[in-house]
Amino acid sequence: MSSEMTRRSALKALGLATASAVAGGAAVAAGRHPAGQLPQVTGQTPVVEELFPFEGVHQAGIITDPPEAVLLVALEVISKTPDSLTRLMQTLTMRSRELMRGQPGPATVEDENFPPRNTGEMGYDSLKDGRLSIMIGLGASLFTKDGKDRFGLASRKPIALKPMPRDLAGDRLNPAMLDGDILLQISSDHPLQNLHAFRDILRNTKGLVSPVWVQPGFQRYLKAPSGEANARGLLGFKDGTSNLNTRDDALMTSLVWTGSEEPGWAQGGTYVAVRIIREQLERWDRLNLARQEASIGRRKTTGATLDNTKETTLPNYAADPDGDIVPLNSHIRKSNPRLGEESERRRMLRRGFLYMNGIDKSGLLDAGFLFQGFCRNLEEQFEFVKRNYMVNRNFPKKGTGAQDLDEYIACIGGGYFFVPAGVQQEDRFLADALLSG
Ligand code: HEM
C-alpha cells in the first residue's frame, strides 16, 4: 500500500476525509472543525483533505482553523519603484492563489534548457488536501523607512501601523528576528508544503524581495475550537479557553476587522502582533504544581480558573479583590482583568503555534510560543494590554508587580503588521486599492 493510501485510509477511518476542494465563503466555515474531529494519529501526519479558498472577504489564516505547521517569514522589499511594488503584490497574489488551489506548479511541458518551474517535492498532481494558506501582512517600513516615504504611500499608512516597540518590559529582542516590510504566514498540514510554497514565492519574486527572518512552528497536539481548549502549550496548560469566538461576526467586527476609522483601502483588514516568545522550560519544569497554577491562574489538568472547577466557568474577580484565590499577577488576570467595557474592548484574537529550534549554546531548549494577536487596533488592544496591564507593576493594585509568567518567558522577535482584507475577485490583487489609489 502506498503511503498516500495509508494516510487517506487512516483519515477515512477517523471520519476525516471530507469533500475535497471547496470554494466560496462556505469554505471558510468548512475550515473550522468541530471538537474531537482532528486526529491524534501516531506515526502519521494528519493532513486534512480540504483546501482553504484563496478568495474571500478576509485573508485565510486568521479565522480559519490553524493547521499543523506554520512558517513565519519576514521579507524586505529590495526593489525601489512603485511599479515594482505593484508587480510584487501581483506576483504574491498570483502564486498564493495557485498554491492554495492545490497546484504545486506547472505539471508538464518544460523546456529542458531552463530550470523546471515546479521544484517537484510536492509532485505534479493537483493537491486536494493540506489546508495551505498564505496570509500576507505589511510592515510600517514598507510605508516609511529612515524617515523616507519609500513608494509614495506614507500618507496612506494604516492608522495604527508602526514598528514593534523596542521598550516593552521583559523583551530580549534579537535584531536579526525583527520586523520586515512584508510578513508571510504560510500554514498548512505539512512542513514540506509550507517550505514548497515559500520556495516557490522566493523563486517568483527574485530581485524584488529578500528574506529577513524565518521561523517555523507547529500546532499543539490536542485541539478543539475556541471555547473548548484541549490545545496545550509547552507549559502544559490548556490555551485558548477564553479566546474570542471566531463564529461571532459582531465580535469579530468590533474587535478584529478594521472599519471606517481606516483609509478606504485598509478597511476589512486587521493588525497582527507577531511575538516569538522563548520559554525557559527547564526552569518552568522545576516549579511545583501550585506555583505553575498560580502563575497562569488556572488548574493544569482541568483548565478551570483557580476559583472554579469547570474550564468554561468565568472567574469572579470582584469576589476576590486581593487575589487570594486567583493571584493579581497571574497571567489570566493580568491579560484580561475583566473590568467590564474598559477591558472588553482590549481583547484580541489569539492564534498560536509552538516552536522548537533545538538547543542553545548552554544546552537549554530553544523553544517557545509563536504568539499572533489579531486586533482591530494594535495600540488600543495588544499594546495597551501589554503596557498597562501585564507589565504595569501597579496594576490592578499598587505593588502587584509584573505578571509572574514573565519570569519564565521573553519575547525574542517578531513584529507588527497590517493584514489587508482578502482578494474577492480573480482580476484583483492584494492591496491593489492601496497601490492604484
Ligand atoms: C509564552 C507566552 C504565553 C503563554 C504560555 C500563554 C498561555 C496562556 C494560557 C495557558 C492561558 C489560559 C487559557 C486561555 O484562556 O486561553 C492564556 C490566556 C490568555 N492569554 Fe496568554 N500566553 C502567552 C502569551 C500571551 C500574550 C503575549 C498575550 C497578549 C498580550 C496573551 C494574552 C492572553 C489573554 C488575553 C488570555 C485570556 C485571559 C482571559 O480572558 O481570561 N498571552 N494564555
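Each chain carries its own residue numbering, running from 1 in the written order of its sequence. With the structure being a predicted model, the display of local features is reserved for residues of pLDDT at least 70 and the display and counting of side-chain atom pairs for 80 or more, all residues being used for whole-chain, interface and lining totals.

Asker: I tried to follow the overall build of the protein chain on my own but got confused; where do I start?
Answerer: Counting from the N terminus, the helices are the DSSP runs of H or I reaching at least four residues and the strands are the DSSP runs of E reaching at least two. A count of helices and strands for the protein chain gives 11 helices and 11 strands. Distance between backbone-placed C-beta atoms decides contact: two residues are in contact if it is within 7 Å. Contacts in the protein chain between residues far apart in sequence, at least 24 positions, make up 73% of those at least 6 positions apart.

Asker: I tried to follow the site of the ligand on my own but got confused; where do I start?
Answerer: Residue proximity rests on one test: whether the C-beta atom, placed from the backbone, lies within 6 Å of the molecule or strand. Not every one of the 27 residues close to the ligand is listed here, only the nearest: Phe237, Thr241, Ser242, Ser335 and Asn336. Listed by contribution, the elements that provide at least two residues to the shell around the ligand are strand 7 (270-279), helix 8 (331-335), strand 10 (365-375) and helix 10 (382-390). Residue contributions to the shell around the ligand peak at 4 residues, all from strand 10. Partitioned by chemical class, the residues of the shell around the ligand number 11 nonpolar, 10 polar and 6 charged. Any residue outside Ala, Val, Leu, Ile, Met, Phe, Trp, Tyr, Cys, Pro, Asp, Glu, Lys and Arg is labelled polar, Gly included; the first ten of those are nonpolar and the last four are charged.

Asker: Help me understand the nonpolar core, please; the structure alone is not making it clear to me.
Answerer: Nonpolar side chains in soluble globular proteins generally cluster together in the buried interior. By definition, a nonpolar core groups buried Ala, Val, Leu, Ile, Met, Phe, Trp, Tyr and Cys residues that are joined through C-beta atoms within 7 Å. Three exposure classes are used, based on other C-beta atoms lying within 10 Å of a residue's own C-beta, which is placed from the backbone: buried for 20 or more, exposed for 12 or fewer, and partly exposed in between. Grouped together as the largest cluster of nonpolar side chains are 79 residues, with contacts concentrated most on Ile134, Ile182, Tyr271, Leu370 and Phe417. Looking at which element gives the most residues to this core, the answer is strand 1 (residues 69-77), with 8 residues. With residues up to four places along the chain from it excluded, the contact list for Ile182 reads Leu75, Val77, Ile136, Gly137, Leu138, Gly139, Leu142 and Val209.

Asker: It is not clear to me how helix 10 should be interpreted in this structure. Could you clarify?
Answerer: Quick reminder: α-helices carry 3.6 residues per turn. Residues three or four places apart thus point the same way. Residues Phe382, Glu383, Val385, Lys386, Tyr389 and Met390 constitute the buried set of helix 10. Looking at the packing, one finds that the buried side of helix 10 touches strand 7, helix 8 and strand 10.

Asker: Help me understand unusual backbone geometry, please; the structure alone is not making it clear to me.
Answerer: Of note, the amide linkage connecting Phe395 to Pro396 takes the cis form, showing an omega dihedral of -5°. Inspection of the secondary structure assignment puts Pro396 in the loop between helix 10 and strand 11 (409-419). At Arg131, a position not held by glycine, the phi torsion is positive, near 50°. Inspection of the secondary structure assignment puts Arg131 in the loop between helix 3 (82-100) and strand 2 (133-138).

Asker: Sorry if this is basic, but what is going on with the confidence of the model for the protein chain here?
Answerer: The predicted coordinates of low-pLDDT regions are not to be read in fine detail. Residue-level confidence of the predictor is what pLDDT reports, using numbers from 0 through 100. On average, residues of the protein chain score 89 in pLDDT, and 87% of them are at 70 or above. Confidence drops under a pLDDT of 50 for residues 1-44, and excluding neighbours within four residues, the segment shows 55 contacts in the predicted structure.

Asker: Help me out: how do you make sense of the pairing of strand 10 in this one?
Answerer: The side chains of a regular strand alternate between the sheet's two faces. Summarising burial for strand 10: 8 of the 11 residues are buried, a large majority. Pairing between two strands requires that DSSP report at least two bridges joining them. Two strands pair when backbone bridges link them, and strand 9 (residues 353-359) and strand 10 are joined in this way by 5 bridges, in the antiparallel orientation. By the bridge assignment, Ile359 is partnered in strand 10 with Leu365. Remark: 5 residues form the turn of the hairpin made by strand 9 and strand 10, two consecutive strands paired antiparallel; Gly363 in that turn has positive phi of roughly 85°.

Asker: Help me out: how do you make sense of the environment of Pro191 in this one?
Answerer: Inspection of the secondary structure assignment puts Pro191 in helix 4 (residues 191-204). Beyond its immediate sequence surroundings of up to four residues, Pro191 is in contact with Ala69 and Pro216.

Asker: Looking at this structure, how should I read helix 7 (residues 289-296)?
Answerer: Every buried residue of helix 7 is listed here: Gln292, Glu293, Ala294, Ser295 and Ile296. On the buried face of helix 7, the contacting elements are helix 8. Just beyond helix 7, the residue with positive phi is Gly297, at close to 100°.

Asker: How should I be thinking about the environment of Asn194 in this particular structure?
Answerer: Here Asn194 shows up in helix 4. The buried category is assigned to Asn194, around which 27 C-beta atoms lie within 10 Å. Taking the C-alpha atoms as reference points, Asn194 and Leu71, separated by 123 residues in sequence, lie 6.3 Å from one another. When neighbours within four sequence positions are excluded, Asn194 is seen to be in contact with Ala69, Val70, Leu71, Ile186, Ser187 and Ser188.

Asker: Teacher, can you tell me more about the packing of helix 3 against helix 4 here?
Answerer: When two helices pack together, their arrangement is given by the angle between the helix axes and the distance between those axes. Contact geometry for helix 3 and helix 4: axes closest at 10 Å, N-to-C directions at 150°. As the angle between them shows, helix 3 and helix 4 are arranged roughly antiparallel. Of the two possible hands of crossing, helix 3 and helix 4 adopt the one that is right-handed. Every residue of helix 4 that contacts helix 3 at Thr91, Leu92, Arg95 and Leu99 is listed here: Ala197, Asp200, Ile201 and Asn204. In this analysis an axis means a line fitted to C-alpha atoms, helices contributing only their contacting stretch, and an angle means the value between N-to-C directions, from 0 to 180 degrees. Angular relationships are summarised with four words: roughly parallel below 35 degrees, roughly antiparallel beyond 145, roughly perpendicular across 65 to 115, and oblique for the angles in between. The sense of a crossing depends on the near helix, which, turned anticlockwise from the far helix by less than a right angle, makes the crossing left-handed and, turned clockwise, makes it right-handed.

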